[in-house]
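# Coordinate inspection notes
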Amino acid sequence: MEKMIEILKRNWLYPVGAIIGGVGGYLYWFYIGCESGNCSITSSPINSVIWGTIMGVLLFSIFKRGDNK
């Protein structure tokens, strides 16, 4: 358990990015979305949340410092 807490302390940006990206993806689907239903990303909330989560993790990983270990 202590090892997992230490890993989470070192990599806290990834879950934060995933949560913010997922919420952003859902809000994008809810307010903008796709009216025709033919859009691959915004046609369903699940797709939009998954893509938002991926983009959030990638965006927040930019701010991760490299460890010298």
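It should be emphasised that the depicted structure is a prediction, and the values quoted were computed from it without experimental measurement. (Residues numbered from 1 in each chain as written. Predicted model: local features only at pLDDT ≥ 70, side-chain atom pairs only at ≥ 80, totals over all residues. Heavy atoms only, no water.)

## Brief notes about the packing of aromatic side chains
Taken as a whole and judged by the stated rule, the model has 4 aromatic pairs. Centroid distance Tyr26 to Phe30: 6.1 Å. Interplanar angle 20°. Geometry classified as stacked. Of this pair, Tyr26 and Phe30 both sit in helix H2 (residues 13-31), 4 residues apart, which is roughly one turn of the helix. You can call Tyr26 partly exposed: its relative accessible area is 36%. Here Phe30 and Tyr31 contribute two aromatic rings whose centre-to-centre distance is 5.0 Å and whose plane-to-plane angle is 90°, an arrangement assigned as edge-to-face. Owing to a relative accessible area of 64%, Tyr31 belongs among the exposed residues under this scheme. Grouped by ring-pair contacts, the aromatic residues Tyr26, Trp29, Phe30 and Tyr31 constitute a single cluster. (Phe/Tyr/Trp six-rings, centres within 6.5 Å; stacked < 30°, edge-to-face > 60°. Helix = DSSP H or I, 4+ residues; strand = E, 2+ residues; numbered from the N terminus. Buried < 20%, exposed > 50% of the residue type's maximum accessible area, 1.4 Å probe, protein only.)

## A few points about the side chain of Ser48
For Ser48, the location among the structural elements is in helix H3 (residues 45-61). Using a relative accessible area of 4% as the deciding quantity, one classes Ser48 as buried. In terms of polar contacts, Ser48 uses its side chain to reach the backbone carbonyl oxygen of Gly25, at 2.5 Å. Dropping the residues within four chain positions of it, Ser48 is found in contact with Gly25, Tyr26, Tyr28, Trp29 and Ile41. (Polar contact = N/O pair within 3.5 Å; in protein donor to acceptor, adjacent residues only side chain to side chain. Contact = heavy atoms within 4.5 Å.)

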